[in-house]
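Listed here are the chains, written in short residue letters.
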Amino acid sequence: MPSGALLFQSIILGLLLGGLYALLAAGLTLYFGIMRVVMIAHSAFLILAAYLAWWTSTELGIDPLLSMVVTVPLFFAAGVLLQRGLLSRLRPVTLTMMSVLITFAIALMIEGLLGYAFSGTQRRIQLSYGTASLELFGARVAVVKLIAFGLAAVSLAGLYVLMKRTQFGWALRATIQHRDAARLVGIDTERTAGFGFGLGLATAAVGGTALSLDTTIYPSLHWHWIGPLMAIIVVGGLGSVAGAAAAALLLGLAQSLLQIPMGATWAQTVFYVALFATLAIRPQGFFGGRLAQRF
Amino acid sequence: MRSPARRTTWAVALSATLLLAACGGGDEEGQSSDDPIVVGISLPLTGDFSEPGKGVQEGYEAWAKTTNDKGGLLGRQVELKILDDQSNADRVVADYEQLIGSDQVDLVVGPFSTRLVVPSARVAQEYNMLFVEPAGAAAEVFNQGFKNLFYAAPAVADDHYNHLAEYLLALPAGQKPTTVAYAAMDDPFAQGTAYGLKKKLEAGGVKTVVDEVYPPNTTDFGSIAAKIASAKPDMVVGGSQYQDGVNLIVALQQLNYQPKLAAFSTAPTSPEFAKAIGNKTAGILSPTGYSQDAPYPSNKEFVEKFTAQFGKAPEEDQANGYTTGQVVAAAVEAAGCAEQGECQQKLIDWLHGNQVETVVGPLSWDATGKPQGAHMIQQWVGNDIKIVLPAEAKEADLVYPKPAW
C-alpha cells in the first residue's frame, strides 16, 4: 500500500500532467470538429514550437515563453494556409482518409527539417528555475510544471470564452455543428473553417512552448505524443474541446496513479484501454460530442 | 527475407571459391614482405548507425596511420579496405564474404552494433578468421558459441559498475548505503548496466526499495521520481540512455530528493549533459568505457595523434575502433604472421591466453570472447567529470556522500 504522501504527490503530478495533455489535445479535437480532419502533424507542430522556444532561449538568451509572441501568430497563419491551401481542396468523400496521409507527410517533413536544422541531438532548455519547486502540504510542485499548467488553463479558458462569447465563436460552432445550416444563415463557413484551423494550430504553439519547459526534445519525439493525444480526443468525444480537457485530466491522473502499482510500462496502456473501451461502449465519447456518431 | 539473401551470399562465396581454384595455384607462398597487410572492414557508413559507424571508421583510420608511421606491422604497411553495409544485416554478411572470399584480405575486424556483429562474426567463423569487434556488448553476442570473437572494450553492460559495487561493499557498515532505488529503461544495454549493479549490491546485503522499468518512449518521469523520492533510498541508480536519464534527474531534483549517491549510465558522460540539467550535476556518477584523460600508456599518444589527424579529440566510438586495431596488432606481432589460413588460429589462440595493453586499459577475454574488465567510474566534481575508480586510473577521489544537487 503506497503511503499517503506518495499518493498525494502522484495526484498533484497527475493533475499537472493532465492539464498539459488537455492543452496539447485541444487543437486536435478542434480540427476534427471543424473539418472531420485527422491531423497527424499536430504533435509535430508541438515539437516545432518546442524547438523554436529552445532556440529563442539558447540563441537569443531570452525566456522561452517570449517565443510565443512570434510562434502563436505564425502558427495561426500556417494553420489558415494549411486549411485553405491543402485540406479544403480534398474531396469530401475521401477527406478523412486523405487528411491522414497529407498530415502524415507534413509530420515527416517537419521532423526531417528539424533534424536538418538542429541535428538529432537531444535538447533541453536551460532555465534558472528548471528544478525549482514549491511545497504544498508536503508534496512538491515543480515551477515549470506549474507554468505549463497555467498556460494550459489560460489558453483553454480563452478558447472557451472565444467559442461561447464572440461572434466568431458562434460562427465556428455553427460550422462545426451543421455546415449547411450555418451557410444558410449567412456564415462564410470556408473562411471560418480556415480561422478555426489556425486557432487549433495556435494552441500547438502554446502547447509546444509549455512542453519545452520540462522535456528533452528531439525531432522524432512527436511520434510518442500523437497516440495518447488521439486517444484523449476520442474518449473526450471528437470535436469537443471541453470533453477533451476532461478526458485529458482524467487520463493524466489515471496514468500517474496507476504507475504506483503497475509501473511505467503498463500505466501507459491506460490511454489505449480507454480508447478501446470508448469505441466499444460509447463511440461518441464520454464527455459530449455528437460528431462521432455521424462520423 | 533472410534465406534468399543467404542463398545469394552462398552462391557468391561458392563462385568466388571456384574462381580462386581456377586461377590459383603456385600463388600461395609468394607473400613478399613489402606487401601491405590488408584489413577488411564493413561499417555502417550510411543508415541507422551511420553516426557511430563513422566514429569507428575514424578510430580504425587513426590506428592504421599511427601503426604505419611507426613502420607498420611485421615491417609491412597496414592498408584498410572499408565497405559500407548501410546498417543492413544482410549486406554486412555479403560484405565479409566478399572481403574474405574474393578480396582475400589478410585480416578482418568487426562492424558496429550487436545487430551487425553477430551475422558478420558467423561469416568470419565459417572461414576460421579471427574476429575482433569494436561494438556488440549485449549478452547474445557471447552465447552464440563463437570461438573466434573478441570484444575490444573493457566490459559488457552487466559489468560496467563492477568497480563501484566493489567500492561500496568495502565501505564500513555505518557508511555503506543500505537502500537503493533502481530505474532502468526497457533496453538490454541500459537495463544490463543497472541490473548488473543491482545483483552485486543485493548479494552484498544492500536492500532494493524501488525497482522500476520504463519503456524507451517514456517522456514524463514525474511519477517514477515520486516513487523513488517517497522511498527515500540512500542511493539511486539509473539504467539510462540519454533523454531518460536527464529527465529523471531533473524530475528527482524537482521533488527535492537528495540521495547520498546517484549513478546513471551514458547520459552524464554526454557533452550536452551539464547544460541540459542546468549544471546541477554535483556528484553524479557514471561508468565509462573510455576517457581522454585515462592514464594508460598508449592513450596519450592516441589522443595526440587523433587530434592532429581529425582536428578533434576522440570519443568512445573512435576509441573502440582504435582498440580493436591494437588488439589485432598485438596478436599479429606475437604470432609473427598476418594472412588467411593457419595463421588465424595462432592469432585466436594467442588472444585467448594473453592480455593486451590498449587505450581503454589492459584487456583479456574468456572463452566466449567476453572481456574480463569493468568500466571506469567517473564522477561530476565541480564543472568537470573526473575518473574516480579504479584506484590506479583515478584523477580524483570519489566523493561520498555526494554534495546536494
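Residues numbered from 1 in each chain as written. Chains lettered and ligands numbered in written order. Predicted model: local features only at pLDDT ≥ 70, side-chain atom pairs only at ≥ 80, totals over all residues.

1. Section: the overall build of chain A
From N to C terminus, chain A includes 13 helices and 2 strands. For chain A, the C-alpha radius of gyration of 19 Å lies close to 19 Å, the compact-globule estimate for 295 residues. Each principal axis of the C-alpha atoms in chain A carries an extent, and together these give about 60 × 45 × 35 Å. Within chain A, the proportion of its 295 residues that are buried is 54%. Look at the contacts in chain A between residues 6 or more apart in sequence, and 78% of them connect residues 24 or more apart. (Helix = DSSP H or I, 4+ residues; strand = E, 2+ residues; numbered from the N terminus. Rg over C-alpha atoms; globule rule 2.2 N^0.38 Å. Buried ≥ 20, exposed ≤ 12 C-beta atoms within 10 Å, placed from the backbone. Contact = placed C-beta atoms within 7 Å.)

2. A look at the domain arrangement of chain B
How big an interface is tends to be reported as the loss of accessible area on association of its parts. Residue and element names in this part refer to chain B. Examined at the domain level, chain B breaks down into domain 1 (2-10 + 33-155 + 295-363) and domain 2 (159-288 + 375-393). Placing a centre on the C-alpha atoms of domain 1 and another on those of domain 2 gives a separation of 32 Å. At the junction of the two partners, domain 1 supplies 5 residues and domain 2 supplies 6 residues. Among the residues making up the side of domain 1 that touches domain 2, the classes are represented as 5 nonpolar, no polar and no charged. (Domains from an automatic or database assignment. Nonpolar A, V, L, I, M, F, W, Y, C, P; charged D, E, K, R; others polar.)

3. As for helix H3 (residues 68-85) of chain A
Residue and element names in this part refer to chain A. Here H3 contains 18 residues, and its C-alpha end-to-end distance of 24 Å stays within 8% of the 26 Å for a straight helix at 1.5 Å per residue. What H3 keeps buried is the set Met-68, Thr-71, Phe-75, Phe-76, Gly-79, Val-80, Leu-82 and Gln-83. Buried residues along H3 cover an arc of 165° about the axis, so they all sit on one side. H3 presents Val-69, Val-70 and Gly-85 as exposed residues on the side facing more than 90 degrees away from its buried surface. (Expected span 1.5 Å × (residues − 1). Arc of directions from axis to C-beta.)

4. Concerning the nonpolar core
Core analysis: the biggest nonpolar cluster contains 153 residues, and Leu-20, Ala-22, Ala-25 and Ile-232 of chain A have the highest contact counts within it. No other element matches helix H1 (residues 4-35) of chain A, which puts 17 residues into this core. Ranked by size, the runner-up nonpolar core spans 68 residues in total, among them Tyr-96, Val-123, Tyr-151 and Leu-351 of chain B. (Core = buried A, V, L, I, M, F, W, Y, C linked by C-beta atoms within 7 Å.)

5. A look at unusual backbone geometry
Residue and element names in this part refer to chain B. For the bond running from Leu-389 to Pro-390, omega is -5°, close enough to zero to count as cis. Assignment of secondary structure puts Pro-390 in the segment after strand S14 (384-389). Each neighbour pair has its own omega, and for Tyr-400 with Pro-401 the value is -5°, a cis peptide bond. Residue placement: Pro-401 occurs in the segment after S14. In this model, Lys-232 sits at a positive phi of 45°, which is unusual for a non-glycine residue. Tracing the chain through its elements places Lys-232 in the loop between helix H8 (222-231) and strand S8 (235-239). The exposure class assigned to Lys-232 is exposed, which follows from the 12 C-beta atoms found within 10 Å. Located in the positive-phi region is Asn-279, a residue other than glycine, with phi close to 60°. Take Asn-279: it is sitting in the loop between helix H10 (273-276) and strand S10 (285-288). For Asn-279, a count of 14 C-beta atoms within 10 Å puts it in the partly exposed group.

6. Comments concerning the sheet that holds strand S4 (residues 131-133) of chain B
Residue and element names in this part refer to chain B. One open sheet accounts for 5 strands, arranged S2-S1-S3-S4-S5; its pairing is parallel. Every interior strand has two partners, whereas the edge strands, strand S2 (78-84) and strand S5 (149-151), have only one. Averaged over all pairs of adjacent strands, the angle between their axes in this sheet comes to 25°, without regard to strand direction. Pairing geometry for strand S3 (residues 107-109) and S4, over 2 bridges, is parallel. What sits directly across from Val-108, in S4, is Phe-131. (Pairing = 2+ DSSP bridges. Axes fitted to C-alpha atoms, helices over the stretch in contact; angles between N-to-C directions.)

7. Comments concerning the environment of Lys-386 of chain B
Checked against the element boundaries, Lys-386 of chain B lands in strand S14. Separated by 92 residues in the primary sequence, Lys-386 of chain B and Ala-294 of chain B place their C-alpha atoms 9.6 Å from one another.

8. What about the confidence of the model for chain A?
Chain-level statistics for chain A give a pLDDT mean of 89 and a share of 97% at 70 or above. Mean pLDDT across the secondary structure elements of chain A bottoms out at helix H13 (residues 291-294) of chain A, with 44, and peaks at H3 of chain A, with 95. (pLDDT = per-residue confidence, 0-100.)

9. Remarks on the interface of chain A and chain B
Contacts between chain A and chain B engage 28 residues on the former and 29 residues on the latter. At 6 residues, the largest contribution of residues to the side of chain A that touches chain B is made by H1 of chain A.

10. Examining the packing of helix H6 (residues 162-169) of chain B against helix H7 (residues 188-203) of chain B
Residues and elements named next belong to chain B. Running from amino to carboxyl end, H6 crosses H7 at an angle of 20°, the nearest separation of the two axes being 9 Å. One finds that H6 runs roughly parallel with respect to H7. In terms of crossing hand, the pair formed by H6 and H7 is right-handed. Here H6 contributes Leu-164, Ala-165 and Leu-168 to the contact with H7, which in turn contributes Leu-197, Lys-200 and Leu-201. Residues belonging to the contact of H6 with H7 are distributed by class as follows: 5 nonpolar, no polar and 1 charged. (Parallel < 35°, antiparallel > 145°, perpendicular 65-115°, else oblique. Left-handed = near helix turned anticlockwise from the far one by under 90°.)

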